[in-house]
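Architecture at a glance
Take a look at the letters that make up each chain.
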Amino acid sequence: MSSSRTGGPPVQRAARRPVVPRPPRENPLRTLVTRARRAWDRPLTAYYVILGGSLLITVLGLVMVYSASQITALQMSLPGSYFFRKQLLAAAIGAVLLLVASRMPVKLHRALAYPILAGAVFLMALVQVPGIGVAVNGNQNWISLGGSFQLQPSEFGKLALVLWGADLLARKQDKRLLAQWKHMLVPLVPAAFMLLGLIMLGGDMGTAIILTAILFGLLWLAGAPTRLFAGVLAVAALLGAVLIRTSENRMARLACLGATEPQTGPVDCWQAVHGIYALASGGIFGSGLGASLEKWGELPEAHTDFIFAVTGEELGLAGTLSVLALFAALGYAGIRVAGRTEDPFVRYAAGGVTTWITAQAVINIGAVLGLLPIAGVPLPLFSYGGSALLPTMFAIGLLIAFAREDPAARMALAMRQPRFGRKRIRGSQRPYRWNTMRRRAPEARSSGER
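Summary of the structure given here. The structure displayed is predicted, hence computed values, not measured ones. (Residues numbered from 1 in each chain as written. Predicted model: local features only at pLDDT ≥ 70, side-chain atom pairs only at ≥ 80, totals over all residues. Heavy atoms only, no water.)

Some thoughts on the state of the cysteines
Following the criterion strictly, the structure yields one disulfide and no others. Covalently, C256 is tied to C269 through a disulfide, its sulfur atoms 2.1 Å apart. For the disulfide bridge between C256 and C269, the dihedral angle about the S-S bond is near -90°, and by the sign convention the bridge is left-handed. Of the two residues, C256 is situated in the loop between α11 (248-255) and β4 (263-264) and C269 in the loop between β5 (267-268) and α12 (270-280); the sequence distance between them amounts to 13 residues. Given a relative accessible area of 1%, C269 falls into the buried group. (Disulfide = S-S within 2.5 Å. Helix = DSSP H or I, 4+ residues; strand = E, 2+ residues; numbered from the N terminus. Buried < 20%, exposed > 50% of the residue type's maximum accessible area, 1.4 Å probe, protein only.)

Some points on the sheet that holds strand β2 (residues 139-144)
With antiparallel pairing, three strands are arranged side by side in an open sheet as β1-β2-β3. In the strand order of this sheet, the two ends are held by β1 (133-136) and β3 (150-151), each with one partner. Relative to β2, β1 is paired through four bridges, and the arrangement is antiparallel. Residue pairing across strands places V136 opposite N139, the latter belonging to β2. (Pairing = 2+ DSSP bridges.)

Structural notes on the pairing of β2
Consecutive side chains along a regular strand alternate between the two faces of the sheet. A loop of two residues connects β1 with β2, the two strands running antiparallel in sequence, and N137 in this loop sits at a positive phi of about 55°. Inspection of the sheet shows β2 paired to β3 by two bridges, in the antiparallel sense. Within the sheet, the bridge partner assigned to I143 lies in β3 and is L151.

A few points about unusual backbone geometry
The omega torsion of the bond from V186 to P187 falls at 5°, within 30 degrees of zero and hence cis. Along the polypeptide, P187 turns up in the loop between α7 (181-185) and α8 (188-201). Residue R176 is not a glycine yet carries a positive backbone phi of 60°. Locating R176 in the fold gives a position in the loop between α6 (153-174) and α7. Residue E301 is not a glycine yet carries a positive backbone phi of 55°. The topology assignment puts E301 in the loop between α12 and α13 (307-340). Exposure remark for E301: the relative accessible area of 29% places this residue in the partly exposed category.

A few points about helix α10 (residues 226-245)
The first and last C-alpha atoms of α10 sit 28 Å apart over 20 residues, in line with the 28 Å expected at 1.5 Å per residue. Within α10, the full set of buried residues consists of L228, F229, V232 and G240. Along α10, the residues classed as buried sweep out an arc of 100° about the axis, all on the same side. The outward face of α10, more than 90 degrees from its buried face, is lined by the exposed residues T226, R227, L238 and R245. (Expected span 1.5 Å × (residues − 1). Arc of directions from axis to C-beta.)

Some remarks on the packing of aromatic side chains
Within the structure shown, the criterion is met by six aromatic pairs. For the pair Y82 and F83, a centre-to-centre distance of 5.1 Å together with 80° between the ring planes defines the contact as edge-to-face. Accessibility classification places Y82 together with F83 in one group, the buried group. Through pairs of rings, three or more aromatic residues link up here, namely Y82, F83 and Y384. (Phe/Tyr/Trp six-rings, centres within 6.5 Å; stacked < 30°, edge-to-face > 60°.)

Topic: a nonpolar patch on the surface
A contiguous nonpolar surface patch, about 500 Å² in accessible area, is contributed by I284, F285, L317, L321 and L324. Within the fold, L324 resides in helix α13. (Patch = residues over 30% accessible without salt bridge, like charges linked within 9 Å, V, L, I, M, F, W, Y side chains within 5 Å. Areas by Shrake-Rupley, 256 points an atom, 1.4 Å probe, with all protein chains shown as cover. Salt bridge = Lys/Arg side-chain N within 4 Å of Asp/Glu carboxyl O.)

Remarks on the nonpolar core
The tendency in soluble globular proteins is for nonpolar side chains to be buried as a group. Core analysis: the biggest nonpolar cluster contains 109 residues, and L188, L219, I396 and F402 have the highest contact counts within it. With sequence-adjacent residues up to four places away left out, F402 is seen in contact with V106, V337, F345, V346, A349 and A350. (Core = buried A, V, L, I, M, F, W, Y, C linked by side-chain atoms within 4.5 Å. Contact = heavy atoms within 4.5 Å.)

Listed below in structure tokens is the structure:
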């Protein structure tokens, strides 16, 4: 051992620490995507998305109805909040229906299918009785309830077709009859055509298109063969073409696609063009809530069919994209509920409701953007109209009930810590849960037949 130059003991050098390689830095975008997927895969995600998304759309719709309808109400010598108060009343009743539907068991929903269908058919036939039916904007699809309240039974026909069609297909699937095309079509297609006929007697082709979309959605979920599906689609397209060709009003709406001037020859495209004007003048963040110019008599039906245009003008691109995102989330959550269930009725009903709301939103927004003909259908949960709001909120309650029926969701709900209602054990301050919170979710089972 060598000594140091000073004669002292040798200096011991510290051993070098091994170099530990640093972990690779994670991609922030990939981490965000991974966390989003994990959050979406949670059992209660669809439940919260459907509940929260539908409530946000309804509340924002109330705000926009109040903003868009003030001028129309004043022009009719009515209070400025007239339409808002009626919509608020309908939303309150719809909230009760949503709560009731979300708490009802699936068997009770199936039991209501036939009564709702019979009631819808009776009311839709009653519309055509002189003295009872009321014509609005050329379409006789309303029943006067006294005063300023009216009812549009065709809106309840959508809910009736969803429930009855889902129950019918579920019973036939349990008996393994859907492999035969006659059992898949009969009596579903004839009953749907009966509803379509009653609607078209009043001239409301927009609602007829929504019912046709629901029918195709049910057939698609039932696994209809491509040839059969294409055949039914061809027949519906042919009937639609004949109905459009034989109506000057519908031909005029078709001619307004892509119009940039209010007058394009003999066709008046005032409403379509001013809807585009409203969207174009909104910019990124809009002109401000209540500051729309088009609602001052320039844009017809600003609080009903073209409320999306007023939203774009007052809230801008940010507001319209927010509305689109809410509808997209609602539709995707409905698809998730339909895809994860083992109950055929739940699958058909959830798919039918999702098809209904999504197709109606696409048709309304497409007409406002000038991409589709103006069909005269409201934006679900958003536009003014109690007859459209009530069955739609009941349908949202269906989706919430189906989301709660998922076994994983039921277990997650059962294991949640209750916020209220804690008991104390004698001689101890330690709280414990109610017995109902300790129940385990039973295995998935069919909702049964009627």
